[in-house]
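Working through the structure, step by step
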Amino acid sequence: MKLSRNKRTNAHSVLNRHLKLQNEISGWLFLLPTVVMMYILVWRPTVLGSVWAFFKMNAYTVGEFVGFENFERVIKHSQFVPMLKNTLMYVFWSFVIGYLPPIILAIMINEVVYFKKTARVLIYLPAVIPGIVGYMMWKSIYAPDMSGLLNQMLVSLGFDKYAWLNDPNFTIIGLVIQSTWKGMGATMLLYYSYLQGASPELYEVAILDGAGVFRRAWTVTRPALSATMLLTFVRQIIGTFQTIDGPLTMTGGGPNGASATLAFQLYQYAFNSGGRATGQAMALGLIIFVILLIGSLFYFKLNKKIEENY
Amino acid sequence: MKCNLKRLGAFMLAVVLLVCMVGCGKNASDVDEQGRTIVKIGGYPEEGNEFRPAFDERIAEFEKNNPDVKVDPIKWNFDLNTFYTQAYGGQLPHLISTNFTEVVPTARARIVADISDVLKKHGYEGMINEQIIDALKYNDGIYSFPKGAYLLGIIYNTELFEKAGLMKADGTPIIPKTWDELVEFGVKIKEKTGKPAIAFPTTGNAGGWIFTPIAWSYGVQFVKENEDGTYSAVFDSPEAVAALQFMKDLKWKYGIVQEDTLVDNQRKKELFATGGAAMIIDSGGNVTEFSAYDMDNNKVGAMGLPAGPKKHVTLMGGTAYMISADASKKQQDAALRWIKAEKFYELNDEVKKNIERELEEKARNDQLIGVKPLTIWSQDAEYTKYYNEMVDKYANININHVKPFNDFVADCPAEIRPEERICAQELYAILDKCLQEVWTNKDADVAAIIKKANNDFQKDYLDNY
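Residues numbered from 1 in each chain as written. Chains lettered and ligands numbered in written order. Predicted model: local features only at pLDDT ≥ 70, side-chain atom pairs only at ≥ 80, totals over all residues. Heavy atoms only, no water.

With respect to the overall build of chain B
Keep this limit in mind: The numbering of helices and of strands both runs from the N terminus, where a helix is a DSSP run of H or I of at least 4 residues and a strand a run of E of at least 2. Each radius of gyration is computed over the set of C-alpha atoms, and the globule rule expresses the reference value as 2.2 Å times the number of residues to the power 0.38. Between buried and exposed lies partly exposed: a residue is buried under 20% and exposed over 50% of the maximum accessible area for its type, with that area taken using a 1.4 Å probe on protein chains only. Contacts are residue-level and defined by heavy atoms, with any inter-residue pair within 4.5 Å sufficient. Reported accessibility uses the Shrake-Rupley method at a 1.4 Å probe radius. Residues are deemed covered only where the shown protein chains occlude them. Counting rule for charge: Lys and Arg are taken as positive, Asp and Glu as negative, and neither His nor the chain ends is counted. By convention, the point assigned to a charge is CZ for Arg, NZ for Lys, CD for Glu and CG for Asp.
Each helix and strand counted, chain B has 17 helices and 12 strands in total. The globule rule puts the C-alpha radius of gyration for 465 residues at 23 Å, and the 25 Å found for chain B is close to it. Going through the 465 residues of chain B one by one, you find that 55% of them count as buried. A separation of at least 24 residues holds for 78% of the contacts in chain B among residues at least 6 apart in sequence. Carbon and sulfur atoms form 48% of the exposed surface of chain B, whose accessible area is close to 20200 Å². Of the side chains in chain B, 55 bear a positive and 69 a negative charge, and the two mean positions are spaced by 3 Å.

What follows is the structure, encoded as structure tokens:
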């Protein structure tokens, strides 16, 4: 018996929904392990840590509800404001020193004709050196006595030795230089990949019009990269705000707290307080989380803009 | 069909992963299949470590003498960064060892068990060195068993001392009686050898740790307990200013410390072991570590700390065994029996064997044998006498190089003071910063630095204790 038109339409809808559900179940089953791991390792600790920030903690044993007491202790700590300033200085210097070099390198590699791949590999090489090896290497380079490579160069050129990381005015800059050296290869590749996507006809037209390298970079390359540059700008803020590796391995937060950051202090609260400041560690973590959450929301909005462009 | 296979594959994968995670959380039993109490002992060396065979022998011997116990050795060593996380996660072995400074925090956090009754049952009441026992107590309960104690002293390079004319013909050093005399020695060493006289750390809390006895010798008191049970920081004083000024002068007036200010404890030892400095301040027992840098053991000597303007005092610290609060009474008992085999007050064959085994291992690994450490028992205890005799038997250096330290320990002319019991690590961190400040800024205002440090310690830590 032939079904009526309405009944045929309804049957199709039910069938489509059924098929869609079948496909989604498969998808969710494949995602399930990842979702569970994210729950255990990321979401649950984040939520629990945020909740426990409002409780008195004895090591990792939850005590009574204390409201904002942990936050008060964090903010009233004698080093909170200096470390907040240090963290902002890290962000500032990371832009001054670390923001432009990957862009410039990407443009240069895009422009060269010969040894393009070799140049890419050489610039990317620091990224594959194990982190701790990089820190130890640079600590040795910065050594304030004659064992330091930089001081050997200075003295051979007739200058005096310099204190480098022992100078509180240079410590953050020195650490930013090290992290730029480590990270610019990966960022360079990101820009380079976007440059590869730029229309070659635009470059040809610019060349025909007599535009040199700098002119082409300004009129063709810059607009092609603008959305990515903005994206990297936000990512850099988020990443640099969480700086801990350099201070922990190279300076111990010194000299006299000159390189200590909020993330470094969180580490001290969590692991070097004999369990007495775990609540404050969680409170500080929540403060940093809120700051970075605002940055991340901005990041997602920008990411959407890039995807719309492409 | 394809869709069904895909779903089946996804489902199987999800189940496998979930089962793995469930399996991870499973609790182990307290007894094995033979009904023996399982006790987890931390400190098991890694595969290939030179001390592992000796540890295995000890396990076999212990299980033979204690047939109701099964030892489960765990590769675990104390690390402050992960300790409390492991404790909360129930991942600690039953028997752990930590520094003396962690006894009070771990007892407060109820991570470790009160073993007063277990100690009494095994006859240890009144046996432990009185100078050490106070460091192990919390609220009248005893929460730890001392594993080893140390006194801070000066470890010196005999070769550099020789070049500076500071060694006597019999191999003993000329001993500086005061910190000012030590500075004079330092200036001589710098002139004659070109090397920094002393490597002094300022990061990782090590600077504060070593500066503490120097400050005490200047008459500094760091913390005072108030009548209401709270604590006050009291080191904003002329004595503390004088002590920190002394440290500042080491760098800017005499130029006898290393150039790099940001040195941690490990780097300090590395500088000494590689001939980069003539002296360090450290526990006398740490003389065994320098062979790892291929330093000739006969270039290493040790002596006691000199006196300050107000006092002659040295710092005592140490490591202690503690038993996890998660351990059952049987496991606590088994853990203490394990400790007994190593540290029994009265000697028995098993203890003697363990002592000789330990020294034979050190000799095999070319570690310095000659220093007689501070004992956890009284000096005239049988254990102490036997241990010292064995050290003399197995000594592999000119014993006169370390005789001044051994004499210092045996009959200490200095006041022996344990580390600060309240917020010690936090105090050391603040003192680290003081040292960094005076060594990176020639014009640093010492009095202002001490005042700020005192106020910060009070506000950030003691007020919240």
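Describing the overall build of chain A
In terms of regular secondary structure, chain A is built from 13 helices and 2 strands. Across its three principal directions, the C-alpha atoms of chain A cover 100 × 75 × 30 Å. With 310 residues in all, chain A has 41% of them scored as buried. The long-range share in chain A, meaning contacts at least 24 apart out of those at least 6 apart in sequence, stands at 65%. Summed over its atoms, the accessible surface of chain A is roughly 17500 Å², and 68% of this surface lies on carbon and sulfur atoms. Between the averaged position of the 25 positive side-chain charges in chain A and that of its 14 negative side-chain charges there is a distance of 12 Å.

Thoughts on the layout of surface pockets
Residues and elements named next belong to chain A. Rules: In the cavity and pocket records, a cavity denotes points on a 1 Å grid over the protein atoms alone where a 1.4 Å probe fits but cannot get out, a pocket denotes an open set with protein on both sides within 12 Å along at least 5 of 7 lines, and lining residues are residues with an atom within 4 Å of a point. Grid points are joined across faces, edges and corners, and a volume is the space filled by probe spheres set on the points. Three classes are used, and their members are as follows: Ala, Val, Leu, Ile, Met, Phe, Trp, Tyr, Cys and Pro are nonpolar, Asp, Glu, Lys and Arg are charged, and the others, Gly among them, are polar.
Of the pockets and cavities examined, the second largest pocket occupies roughly 720 Å³. As for the second largest pocket, its lining consists of 29 residues, and the residues nearest its centre are Ser179, Gly183, Gln236, Gly239 and Thr240. Those elements giving two or more residues to the lining of the second largest pocket turn out to be α3 (80-98), α8 (171-196), α10 (213-241) and α11 (245-251). In terms of residue count, the dominant contributor to the lining of the second largest pocket is α8 (11 residues). The class makeup of the residues in the lining of the second largest pocket is 12 nonpolar, 14 polar and 3 charged.

Re the confidence of the model for chain A
In regions of low pLDDT, the predicted coordinates are not meant to be interpreted in detail. Here is the rule: The predictor rates its confidence in each residue with pLDDT, a number between 0 and 100.
Summing up the model confidence of chain A, the mean pLDDT is 87 and the portion of residues at 70 or higher is 95%. At the low end of the mean pLDDT range in chain A sits helix α9 (residues 200-208) of chain A, at 78; at the high end sits helix α7 (residues 149-156) of chain A, at 95.

What to know about the environment of Ala199(B)
Residue and element names in this part refer to chain B. Structurally, the position occupied by Ala199 is in the loop between α8 (179-193) and α9 (206-217). Between the alpha carbons of Ala199 and Tyr218 there is a distance of 21 Å; along the sequence they are 19 residues apart. Beyond its immediate chain neighbours, meaning those up to four positions away, Ala199 contacts Gln258, Lys268, Leu271, Ala277, Met279 and Ile280.

Let's talk about the environment of Asp79(B)
Residue and element names in this part refer to chain B. With respect to the helices and strands, Asp79 occurs in the loop between β2 (69-73) and α3 (80-88). Residue classification places Asp79 among the partly exposed positions, given a relative accessible area of 33%. When the C-alpha positions of Asp79 and Thr98 are compared, they lie 8.4 Å apart, and in sequence the two are 19 residues distant.

Quick word on the pattern of salt bridges
Residues and elements named next belong to chain B. Rule in force here: Every case where a carboxyl oxygen of Asp or Glu lies within 4 Å of a side-chain nitrogen of Lys or Arg is listed as a salt bridge.
All chains considered together, the criterion is met by 25 salt bridges over all chains. Here Glu47 makes a salt bridge to Arg52, at a shortest N to O gap of 3.6 Å. A relative accessible area of 14% places Arg52 in the buried class. Residue Arg357 pairs with Glu57 through a salt bridge whose shortest N-O separation is 3.0 Å. Of this pair, Arg357 sits in helix α13 (residues 349-364) while Glu57 sits in helix α2 (residues 52-65), placing them 300 residues apart in sequence. According to the relative accessible area criterion, Arg357 is buried, its value standing at 11%. With a relative accessible area of 45%, Glu57 lands in the partly exposed category. Each member of the salt-bridge network shares a partner with another, and the members are Glu57, Glu61, Lys353 and Arg357.

Overview of the pairing of strand β2 (residues 61-65) of chain A
Residues and elements named next belong to chain A. Put simply, the test is: Strands qualify as paired when DSSP identifies two bridges or more between them.
Both strand β1 (residues 55-58) and β2 contribute to a ladder of 3 bridges, which runs antiparallel. Residue pairing for β2: Phe55 is matched across the bridge by Phe65. The hairpin turn running from β1 into β2, its antiparallel successor, is 2 residues long, and Ala59 in that turn takes a positive phi close to 55°.

Points about the packing of aromatic side chains
Each pair of aromatic rings is reported with the distance of its centres and the angle of its planes. As a reminder, the rule being used: Put simply, two rings from Phe, Tyr or Trp (the six-membered ring, in Trp's case) pair if the centres are within 6.5 Å, and we call them stacked under 30 degrees between planes, edge-to-face over 60, tilted for the rest. Remark: a charge is flagged as sitting over a ring if the NZ atom of Lys or the CZ atom of Arg is within 6 Å of the ring centre and within 35 degrees of the ring normal.
Applying the stated rule across the entire model yields 33 aromatic pairs over all chains. An aromatic cluster of at least three residues, connected via ring pairs, comprises Trp138(A), Tyr142(A), Tyr162(A), Trp164(A), Phe170(A) and Trp181(A). The ring centre of Trp338(B) lies 3.9 Å from the NZ or CZ of Arg58(B), which sits over that ring. When the ring centre of Trp216(B) is taken as origin, the NZ or CZ atom of Arg417(B), which lies over that ring, is 4.7 Å away.

Section: unusual backbone geometry
Most peptide bonds take the trans configuration, and most residues that are not glycine carry a negative phi. Following Gly254(A), the chain continues to Pro255(A) via a peptide bond in cis, the omega torsion being 0°. Relative to the assigned elements, Pro255(A) resides in the loop between α11 and α12 (262-271). Even without glycine at this site, Asp140(B) takes up a positive phi of about 70°. Structurally, Asp140(B) can be placed in the loop between β4 (137-138) and β5 (141-142).

Some points on the side chain of Gln332(B)
Examined against the element boundaries, Gln332(B) turns out to sit in helix α12 (residues 329-343). The contact partners of Gln332(B), leaving out residues within four places of it in the chain, are Ala113(B), Val118(B), Ile323(B) and Ala327(B).

A few points about the packing of helix α5 (residues 116-128) of chain A against α8(A)
Two measures define how a pair of helices packs: the angle their axes make with one another and the distance between the axes. Residue and element names in this part refer to chain A. Let me state the cut-off plainly: Axis angles are defined between N-to-C directions and span 0 to 180 degrees, where every axis is a line fitted to C-alpha atoms and, for a helix, only to the segment in contact. Oblique is the label for every angle not falling under 35 degrees (roughly parallel), over 145 degrees (roughly antiparallel), or within 65 to 115 degrees (roughly perpendicular). Less than a right angle of anticlockwise turn of the near helix away from the far helix marks a crossing as left-handed, whereas a clockwise turn marks it as right-handed.
Between α5 and α8, the least distance of the axes is 5 Å, while the angle of their chain directions is 140°. Judged on the interaxial angle alone, α8 and α5 are oblique. Between α5 and α8 lies a crossing of left-handed hand. Facing Lys116, Arg120, Ile123, Tyr124, Pro126 and Ala127 of α5, the residues of α8 in contact are Trp181, Lys182, Gly185, Ala186, Met188, Leu189 and Tyr192. Here the residues of the contact of α5 with α8 are counted per class, giving 9 nonpolar, 1 polar and 3 charged.

Here we look at the side chain of Thr261(B)
Structurally, Thr261(B) is set in the loop between α10 (238-252) and α11 (265-273). Overall, Thr261(B) belongs to the buried group, its relative accessible area being 1%.

Description of helix α15 (residues 403-410) of chain B
Turning to α15(B), its buried residues are Pro404(B), Phe405(B), Asn406(B), Phe408(B) and Val409(B). Lining the buried residues of α15(B) we find β6 (145-157), β10 (300-304) and β11 (313-323) of chain B.

Details of α8(B)
Residue and element names in this part refer to chain B. The condition is simple: Take the number of residues in a helix, subtract one, and multiply by 1.5 Å to get its expected span. Directions pointing from the helix axis toward each C-beta atom define the arc.
Its 15 residues give α8 an end-to-end C-alpha distance of 21 Å, which sits within 8% of 21 Å, the value for a rise of 1.5 Å per residue. For α8, the complete set of buried residues consists of Trp179, Leu182, Val183, Phe185, Gly186 and Ile189. Projection of α8 onto a plane perpendicular to its axis shows the buried side chains occupying an angular sector of 160°, all on one side. When the buried face of α8 is taken as reference, the exposed residues oriented beyond 90 degrees from it are Asp180, Glu184, Glu191 and Lys192.

A word on the interface of chain B and chain A
Rules: Buried area is a sum: the accessible area each of two parts loses on coming together, probed at 1.4 Å, counted once for each and added. Whenever two N or O atoms come within 3.5 Å, that pair is a polar contact, provided that in protein one can donate a hydrogen and the other can accept it, and provided that, for residues adjacent in sequence, both atoms are side-chain atoms.
Listed as interface residues are 36 residues of chain B and, on the opposing side, 40 residues of chain A. Buried area between chain B and chain A, both sides added, is near 3500 Å², and the carbon and sulfur share of it is 56%. Inspection of the region where chain B meets chain A yields 1 salt bridge. For the pair chain B and chain A, the interface holds 11 residue pairs in polar contact (both at pLDDT 80 or more). Of all elements in the fold, only α1 (2-24), α3, α4 (103-108), α16 (424-440) and α17 (446-460) of chain B reach the threshold of two or more residues within the side of chain B that touches chain A. In terms of residues, the side of chain B that touches chain A owes the most to one element, α1(B), which gives 9 residues. Taken together, the residues that form the side of chain B that touches chain A break down as 16 nonpolar, 7 polar and 13 charged.

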